[in-house]
Amino acid sequence: MKEHFIEKDFLELGFNDDLLIMISGILHKGDGSNIYLKEKPQELVSILGNGIQRKPDCALCNGDASTNQVRAPVALASGSDGSLYIWDDNFIRKLSPGRTEIVSILKTE
């Protein structure tokens, strides 16, 4: 059975904690609390990407998150304001706290 959680639950996970470890459907947070993902709704909601891979130059990478493209996202980090930072192949991109807008903030080599 696949484990999914909806956007609201994603925001509630508290990605500002020091450490997150998931073992057998249990997310162990850095503050000592646990989130039992098996008890969450089995729903997946897309907040970024439109199913088409973006071009390497990322010329049209800023704007509406739901219609924007990703290339090869490999890492996630969160900001204290609720922003989500995505390492997307050769760019670091920032997804707004409301999950509606994305902007490329750094090109990596």
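Refer to the structure above for everything that follows.
Presented here is an overview of the structure given in this document. (Residues numbered from 1 in each chain as written. Predicted model: local features only at pLDDT ≥ 70, side-chain atom pairs only at ≥ 80, totals over all residues. Heavy atoms only, no water.)

Description of the pairing of strand 2 (residues 26-29)
Here is the rule we go by: Each residue is assigned to one of three classes by its accessible area relative to the maximum for its type, calculated with a 1.4 Å probe on protein chains only: buried under 20%, partly exposed between the two thresholds, exposed over 50%. In DSSP terms, a helix is any run of H or I states spanning at least four residues, a strand is any run of E spanning at least two, and both are numbered starting from the N terminus. What makes two strands pair is DSSP finding at least two bridges between them.
Residues Leu 27 and Lys 29 line the buried face of strand 2, whereas the alternating positions Ile 26 and His 28 sit on a face that is not buried. Where strand 2 folds back onto strand 3 (residues 34-36) in an antiparallel hairpin, the turn is made up of four residues, including Gly 32, whose phi is positive at roughly 95°.

A short note on the state of the cysteines
Spelled out, the test is: Defined by distance alone, a disulfide is two cysteine sulfur atoms within 2.5 Å.
Under the criterion given, the structure shown has one disulfide. One disulfide bridge connects Cys 58 with Cys 61, the sulfur atoms lying 1.6 Å from each other. The chirality of the disulfide connecting Cys 58 with Cys 61 is left-handed, given an S-S dihedral of about -120°. Looking at Cys 61, the relative accessible area reads 3%, which means it is buried.

Considering unusual backbone geometry
The backbone of Asp 89 sits at a positive phi, close to 60°, despite the residue not being glycine. Mapped onto the fold, Asp 89 is located in the loop between strand 6 (84-88) and strand 7 (91-95). Positive phi values are uncommon outside glycine, yet Arg 99 reaches one of about 60°. Within the secondary structure, Arg 99 sits in the loop between strand 7 and strand 8 (101-107).

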